[in-house]
Amino acid sequence: MEKSIPNFLSVVIIFLVFLLPIVGFFTYSYIDKPPQPFLNYLGLGIIFLRWFEKGSLKMPTYLLLYGLFIIYTIIQDTFIVGTSFNVEYIRNSRFIGSFLLAIIIENMFVSEVNKDYFNKLSIGLIVVTLMVIIFQELIDNNFMVLPGYNTESIGTNTDRLVSIYSWVDNRMAFGVVFLPILALVLGEVARKNKNNYLLLFYFIGLLVSFLNRSRITLVQFFLLFFLIPIYQGLRLNVFVKYFVIGVVSIMGLFIGLKAINVNVDQIVYERILEQNEGGMLHGSAGTRLLAFEIFGKVFPQHPLFGKGKFFRAGGTNDIELQQLLGGRSYQIHVGYLSLLYYYGIIGGGFYLLFMISLAKKLYRDAKLTNMWAPFLCWLMYVVNNMTDVMFHFDFIGIIIVLVFNNFYTSNLSADSDFDNRNVKSLAV
């Protein structure tokens, strides 16, 4: 066990990540600022202390690639977009924040005691998320929400409910904020064959994902069902058992929600299927089709180095892109297309290599530890960028996933629970 000031501070910053909705409440309430920039300052200090103590830092391949991507974006922002690279830039950059947090995690020691605390905090976050989103649905969707975050105030409206997470991220990030925390808890109980708890947490995930009203969140949630064949084997009786349980759970969910006056049909038809907008092809899914059309027109103009991310940069906008979108969207609403448009083949290539490198690392680690939740969580992030645009990964869920993966890989020889011979797995 490592006892040092840098490691103690590393554990403290991870606790702050768990408590980020509370931290965000205070930062927004008293200084009208998001919480992430303050983590950047603390992260820089911890990394300096760690380097001063050890004389070096662990830097896995995925972080080197992400570092190259950040350097590319800084150069582009400075010389193409016209953004000043200064203290404020470093403080507000979530790219840099993601990089700093990942360095801290890769160089910290997570003890069994810390991991148990983190696990209890994860369960606590799940319970609080559930309670708040139910209250938002039934009573007031502005409850515990950042002022101005919602545009409607009726508890059963078809806008997305985000529980306690408006203080830390936008609506589209819900799946990579909440679901990775759920996945880690599911992985823990699945590994220990606690089937009753497994079903309970799956049901909580289904309920929260449905009330969130986001299709991509539901898709990400269903990725978590891969944990069942991983830990219980890919057999017909297992498939039939959980298929029946799933159907009954969905029916029970709909009947139960209708019994307490939740307008389930409105959520399904207007929010998920977007029938009021003429169907998904004319609603937000149509926005994604528009993204491919516009991308085909604008990408060939700057294929190698990219146009630059003018969107929300110092109050400027990409006028040409805005005119082509015609008010139907404010950006190319497919993450990977926006990546190539903003940063070109070179900058986008660094980012895609980073994603692949981290995916390979988490996959290799999962084969060693038989803890597959971190790998599945990274797949959620990959899926999320098919509909949203996010090139940072300092989300509560993703950061916590990296912390747990650190513990799993560091304790292979010390923890007999990681003996794969006693667990049925699809890993080869």
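Rules behind the numbers
- Residues numbered from 1 in each chain as written.
- Predicted model: local features only at pLDDT ≥ 70, side-chain atom pairs only at ≥ 80, totals over all residues.
- Heavy atoms only, no water.
- Helix = DSSP H or I, 4+ residues; strand = E, 2+ residues; numbered from the N terminus.
- Buried < 20%, exposed > 50% of the residue type's maximum accessible area, 1.4 Å probe, protein only.
- Contact = heavy atoms within 4.5 Å.
- Areas by Shrake-Rupley, 256 points an atom, 1.4 Å probe, with all protein chains shown as cover.
- Axes fitted to C-alpha atoms, helices over the stretch in contact; angles between N-to-C directions.
- Parallel < 35°, antiparallel > 145°, perpendicular 65-115°, else oblique.
- Nonpolar A, V, L, I, M, F, W, Y, C, P; charged D, E, K, R; others polar.
- Expected span 1.5 Å × (residues − 1).
- Polar contact = N/O pair within 3.5 Å; in protein donor to acceptor, adjacent residues only side chain to side chain.
- Phe/Tyr/Trp six-rings, centres within 6.5 Å; stacked < 30°, edge-to-face > 60°.
- Core = buried A, V, L, I, M, F, W, Y, C linked by side-chain atoms within 4.5 Å.
- Left-handed = near helix turned anticlockwise from the far one by under 90°.

S.K.: How do you make sense of the overall build of the protein when you look at a structure like this?
M.R.: Secondary structure assignment for the protein yields 19 helices and zero strands. Relative to its 428 residues, the protein shows a buried fraction of 55%. Across the protein, contacts joining residues at least 24 apart in sequence account for 74% of those joining residues at least 6 apart. Accessible surface for the protein amounts to roughly 19,300 Å². Of this, 67% is attributable to carbon and sulfur atoms.

S.K.: Teacher, can you tell me more about the packing of helix 9 (residues 179-191) against helix 19 (residues 396-410) here?
M.R.: Two packed helices can be described by the angle between their axes and the distance between those axes. Viewed as axis vectors pointing N to C, helix 9 and helix 19 meet at an angle of 30°, and their least axial separation amounts to 8 Å. The orientation of helix 9 with respect to helix 19, classified from their angle, is roughly parallel. When helix 9 is examined against helix 19, the residues P180, I181, L184 and E188 are found in contact with a partner set consisting of I396, G397, I398, I400, V401, F404 and Y408. Its residues placed into classes, the contact of helix 9 with helix 19 shows nine nonpolar, one polar and one charged.

S.K.: Help me understand helix 6 (residues 94-106) in this model?
M.R.: Because each turn of an α-helix spans 3.6 residues, side chains separated by three or four positions in sequence point in the same direction. Given a rise of 1.5 Å per residue, 13 residues ought to cover 18 Å, and the 18 Å separating the end C-alpha atoms of helix 6 matches this to within 8%. Within helix 6, 13 of the 13 residues are buried, leaving the element largely enclosed by the surrounding structure. Between the side-chain oxygen at the start of helix 6 and the backbone nitrogen of F95 there is a gap of 3.4 Å, and the oxygen is on S93.

S.K.: Would you mind showing me how to read unusual backbone geometry here?
M.R.: The phi torsion of most residues other than glycine is negative, and most of the peptide bonds are trans. Not every positive phi belongs to a glycine, and D32 is a case in point at roughly 55°. Within the secondary structure layout, D32 lies in the loop between helix 2 (20-31) and helix 3 (36-54). Classification of D32 as exposed rests on a relative accessible area of 60%. Phi is positive for N261, which is not a glycine, with a value near 70°. Locating N261 in the fold gives a position in the loop between helix 13 (236-259) and helix 14 (264-272). Since its relative accessible area comes to 66%, N261 is described here as exposed.

S.K.: How do you make sense of the packing of aromatic side chains when you look at a structure like this?
M.R.: For any two aromatic rings, the description comes down to two numbers: the centre-to-centre distance and the angle of the planes. According to the stated counting rule, one finds 41 aromatic pairs in the structure shown. With 4.6 Å between their ring centres and 50° between their planes, Y66 and F354 make a pair best called tilted. Residue Y66 is found in helix 4 (residues 61-81), and its partner F354 is found in helix 17 (residues 335-369); the two are separated by 288 residues along the sequence. For the pair Y66 and F354, one class covers both residues: buried. A centroid spacing of 5.4 Å and a plane angle of 50° characterise the contact between F69 and F95, whose relative ring orientation is tilted.

S.K.: Would you mind showing me how to read the nonpolar core here?
M.R.: For soluble globular proteins, the rule of thumb is that nonpolar side chains tend to be buried together. F354, W378 and Y381 are the most contacted members of the largest nonpolar core, which totals 131 residues. Ranked by residues supplied to this core, first place goes to helix 17 with 13 residues. With residues up to four places along the chain from it excluded, the contact list for Y381 reads V176, Y351, M355, M390, F391, H392, F393, F395 and I398.

S.K.: Is there a simple way to explain the side chain of S214 in this structure?
M.R.: You can see S214 is positioned in the loop between helix 10 (195-212) and helix 11 (215-223). Under the relative-accessibility criterion, S214 is labelled buried at 2%. Excluding anything up to four places from it in sequence, S214 contacts R160, S209 and R271.

S.K.: Where do I start with the packing of helix 10 against helix 13 in this structure?
M.R.: Running from N to C, helix 10 and helix 13 point in directions that differ by 45°, and their axes come no closer than 11 Å. Looking at the two axes, helix 10 sits oblique to helix 13. As helix 10 runs across helix 13, the sense of the crossing is right-handed. On helix 13, the residues touching N195, L198, L199, F203, L206, L207, F210 and L211 of helix 10 are K241, Y242, I245, S249, I250, L253, F254 and L257. Each residue belonging to the contact of helix 10 with helix 13 can be placed in one class, and the counts come to 13 nonpolar, two polar and one charged.

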